[in-house]
Amino acid sequence: MEFTAATADQIAAIRVNAGIAELAADPRFAAASPDLVEAIVEGIGQFAAGEFAPLNRIGDREGAKLANGEVSLPDGFAAAYRAFVEQGWNSIAGPQAHGGQGLPFTLATCVIENLGTANMAFTLLPLLTVGAIEALGHHGSAAQQARYLPRLVSGEWSGTMNLTEPQAGSDVGALRTTATPITAGEHAGKYTIKGTKIFITWGEHDLAANIIHLVLARTPGAPAGSRGISLFVVPKHHVAADGSLSGPNDLRCVSLEHKLGIMASPTCVMSFGDNDACIGELVGHENEGLKAMFTMMNSARINVGNQGVQIAQRALQQAQHFARERIQSARAGSPDKAPVAIVEHPDVRRMLLRMRALTEAARALLYYTAGMVDRGALGISGAQTRADCLVPLIKAWGTDVGCEVASLGVQIHGGMGFIEETGAAQHYRDARIAPIYEGTNGIQAADLVTRKLGYEQGAVLTSLLREAAQDTADFPALSSLADDCVAIAEWMTESASLDDRLAGSVPFCTMCAVAVAGWQLVRQARAAEADGGPPAAAKPVVARYFAEQVAAETRGLKAAATAGADLLYALDAEALAG
């Protein structure tokens with residue numbers, strides 16, 4: 001089935017939820033005129049459909065391959081990536097000082113959404129590069145920025161983040177990779193890097209001329225745990241002062257992981273310093289690596305939430321097409337016993353409407369988050385802390401939506417959904433990684449109830465939820481859900497123990513996300529009704545379904561959010577997991 005971008009819904013989300021007109025009123029983003037916004041949204045949709053989408057099934061079937069230390073992608077990937085770079089899509093929100101277009105993050109979000117809907121695995125390549133640009137842009141030295149950013153911004157080079165190690169998993173503080181200062185010779189002032197990193201997305205490939213690895217490591221005598229971690233830029237090929245490449249660095253891809261999905265995205269085991277000659281440069285100051293890496297991580301977490309929207313949109317589109325084409329059984333209660341398209345059957349309509357409501361609500365939340373990130377960049381009061389609170393919501397719930405919608409897509413296909421040739425199964429397989437990487441969804445929820453809930457003693461989060469409750473008073477279930485979230489937030493802030501907060505963190509995170517996403521979907525429905533035209537009929541129905549059914553059922557999570565931790569520890573570890 002051919003891919004078609006959700007251009008109209010994206011433009012609605014950019015206008016209503018991100019508030020692009022308000023952003024363009026600031027001189028920094030003045031170039032984001034309505035004409036330019038539409039041109040970017042329509043252009044990237046066409047590009048994604050023409051260049052990335054045709055490679056989606058090929059990439060799934062053939063995958064990335066490792067031979068003699070080099071990773072190659074199937075035919076067509078190199079040409080598509082070259083076109084992506086040459087047309088400037090990677091530079092949309094890049095800093096103008098380094099060759100970027102300086103447009104809002106909101107528009108870069110749309111670029112990533114369309115590319116990822118067309119080909120999720122392929123789009124992980126530019127997604128990680130964006131994070132590297134963020135980290136070096138905020139924490140790199142002027143010399144590092146001049147050397148690396150222009151080619152990262154253009155996409156000529158790609159970037160990675162290297163956190164995870166075999167023994168450490170999500171416990172970054174347990175890493176063992178070392179960085180030893182070099183005191184003499186041509187690399188004096190730099191460091192030798194030695195260690196192994198796993199799960200490195202696009203850690204090795206043949207599409208970009210150089211790969212810029214951002215690597216967490218520990219210097220001699222550094223404090224134990226996360227306080228002793230530093231960040232280093234470690235290029236695949238050494239970069240001379242003039243930006244030219246000057247020979248390979250001492251690093252290699254040892255193996256590729258065999259995975260459930262995203263087959264075209266090489267997930268690498270990377271070895272640094274096998275010959276004690278891997279050279280890296282310190283980014284920022286020693287022992288401040290985690291702070292620098294979290295700049296990269298926050299960008300990645302929003303974009304992973306974006307992946308939930310991407311895979312949901314692709315699964316929805318395919319299910320809609322199948323439901324219109326598949327003829328099976330007469331409509332229940334109809335005097336005409338001729339078989340009809342399955343879209344006419346109530347349960348299929350239930351699934352399709354749920355898929356659409358979840359997808360469009362997640363998109364509304366995504367662009368609301370992106371708009372707040374842009375407002376934070378403009379220095380608008382309160383925007384950055386609100387954006388920080390939204391990050392775990394879009395990452396966790398957005399990726400959960402991706403999994404649910406992809407699963408429903410398989411269900412609508414029936415038995416054919418379980419057969420690989422339809423493509424529905426690929427969406428389901430690809431979706432499953434998103435709730436895991438860039439911090440599991442449990443980690444996102446923990447971040448919400450510990451760090452983010454602590455902002456201004458809970459006032460940042462509760463003000464967001466109160467605003468949602470007040471603005472959805474005409475949708476009682478949705479408004480009541482937001483009120484429930486406020487009550488839970490106050491209980492967690494004032495009374496609950498740390499264990500109790502963590503025990504209820506996942507259901508609470510889901511409740512908050514549904515409340516805010518539903519509010520943003522309602523805002524879209526009101527705008528559609530005010531504008532008139534064909535979307536005016538559909539969006540209010542989608543919003544009403546979300547408010548009356550999705551929000552209503554989500555209120556049932558309150559019991560789990562406030563149950564506390566006692567029952568979770570009623571069994572000892574042996575009785576629970578023995």
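In this text the structure is predicted, and so the values were computed from the model without any measurement. (Residues numbered from 1 in each chain as written. Predicted model: local features only at pLDDT ≥ 70, side-chain atom pairs only at ≥ 80, totals over all residues. Heavy atoms only, no water.)

Some remarks on the overall build of the chain
A tally of helices and strands in the chain yields 20 helices and twelve strands. The C-alpha atoms of the chain give a radius of gyration of 24 Å, which matches the 25 Å a tight globule of 578 residues would have. For the chain, the C-alpha atoms occupy an extent of roughly 85 × 60 × 55 Å along the three principal directions. Looking at the chain residue by residue over its 578 residues, the buried ones come to 57%. In the chain, of all internal contacts separated by at least 6 residues, the share reaching a separation of at least 24 is 74%. For the chain, the exposed surface amounts to about 22,800 Å²; the carbon and sulfur share of it is 53%. With 44 positive and 60 negative side-chain charges, the chain shows a spacing of 2 Å between the two charge centroids. (Helix = DSSP H or I, 4+ residues; strand = E, 2+ residues; numbered from the N terminus. Rg over C-alpha atoms; globule rule 2.2 N^0.38 Å. Buried < 20%, exposed > 50% of the residue type's maximum accessible area, 1.4 Å probe, protein only. Contact = heavy atoms within 4.5 Å. Areas by Shrake-Rupley, 256 points an atom, 1.4 Å probe, with all protein chains shown as cover. Lys, Arg positive; Asp, Glu negative; His and termini not counted. Charge placed at Lys NZ, Arg CZ, Asp CG, Glu CD.)

Digging into the pattern of salt bridges
One pass over the structure, following the stated rule, counts 30 salt bridges. The partner of Asp60 in a salt bridge is Arg57, and the shortest N-O contact between them spans 3.4 Å. A residue pair is termed a helical-turn pair when its members lie 3 or 4 positions apart in one helix, as Asp60 and Arg57 do in helix 4 (residues 56-62) at three residues. Accessibility expressed as a relative area gives 12% for Asp60, which makes it buried. Between Arg363 and Glu113 there is a salt bridge, with the nearest N and O atoms lying 2.8 Å from each other. Within this pair, whereas Arg363 is found in helix 10 (residues 346-377), its partner Glu113 is found in helix 6 (residues 105-118), the two being separated by 250 residues in sequence. (Salt bridge = Lys/Arg side-chain N within 4 Å of Asp/Glu carboxyl O.)

Let's talk about the side chain of Thr219
The residue Thr219 is located in the loop between strand 6 (210-217) and strand 7 (230-235) in this model. On the basis of relative accessibility, which here comes to 4%, the residue Thr219 falls in the buried class. A polar contact is formed between the side chain of Thr219 and the side chain of Glu286, at a distance of 3.2 Å. If we skip the residues at most four places from it in the chain, Thr219 touches Ala179, Tyr191, Ser230, Phe232, Glu286 and Asn287. (Polar contact = N/O pair within 3.5 Å; in protein donor to acceptor, adjacent residues only side chain to side chain.)

Structural notes on the packing of aromatic side chains
Within the structure shown, the criterion is met by eleven aromatic pairs. Here Phe77 and Phe122 contribute two aromatic rings whose centre-to-centre distance is 4.7 Å and whose plane-to-plane angle is 45 degrees, an arrangement assigned as tilted. Taken together, the residues Phe77 in helix 5 (residues 77-86) and Phe122 in helix 7 (residues 120-139) connect sequence positions 45 residues apart. Summarising the burial analysis for this pair, Phe77 and Phe122 share the class buried. (Phe/Tyr/Trp six-rings, centres within 6.5 Å; stacked < 30°, edge-to-face > 60°.)

Here we look at the environment of Pro339
Among the secondary structure elements, Pro339 is positioned in the loop between helix 9 (289-325) and helix 10. Accessibility expressed as a relative area gives 51% for Pro339, which makes it exposed. For the pair Pro339 and Gly415, spaced 76 residues apart in the sequence, the C-alpha separation amounts to 18 Å. Beyond its immediate sequence surroundings of up to four residues, Pro339 is in contact with Ile327, Gln328, Ser329 and Ala330.

Remarks on helix 17 (residues 505-531)
For an α-helix, the turn length of 3.6 residues means that residues three or four places apart are oriented alike. Here helix 17 is 27 residues long and its end C-alpha atoms lie 39 Å apart, about the 39 Å a rise of 1.5 Å per residue gives. Summarising burial for helix 17: 20 of the 27 residues are buried, a large majority. Positive phi appears at Gly532, one or two residues downstream of helix 17, with a value of about 75 degrees. (Expected span 1.5 Å × (residues − 1).)

Notes on the pairing of strand 5 (residues 191-201)
Pairing of strand 4 (residues 178-181) with strand 5, which is carried by four bridges, proceeds in the antiparallel orientation. Residue Ala179 lies in a different strand from strand 5, and its bridge partner there is Ile193. Across two bridges, strand 5 lies against strand 12 (residues 279-283) in antiparallel orientation. What sits directly across from Tyr191, in strand 12, is Gly280. Pairing of strand 5 with strand 11 (residues 267-272), which is carried by five bridges, proceeds in the antiparallel orientation. Opposite Thr201, over in strand 11, you have Thr267 as the bridge partner. (Pairing = 2+ DSSP bridges.)

A closer look at the nonpolar core
Of all hydrophobic cores here, the largest spans 179 residues; its most connected members are Phe122, Trp397, Phe508 and Phe546. Residues contacting Phe122, with those up to four places away along its chain left out, are Phe52, Leu55, Phe77, Ala80, Tyr81, Trp202 and Leu207. (Core = buried A, V, L, I, M, F, W, Y, C linked by side-chain atoms within 4.5 Å.)

Quick look at unusual backbone geometry
The phi angle of most residues is negative, glycine excepted, and most peptide bonds adopt the trans form. For Phe199, which is not glycine, the phi dihedral falls at a positive 60 degrees. Mapped onto the elements of the fold, Phe199 is located in strand 5. The residue Glu456 is not glycine, and still its phi comes out positive at about 50 degrees. With respect to the helices and strands, Glu456 occurs in the loop between helix 13 (441-449) and helix 14 (459-471).

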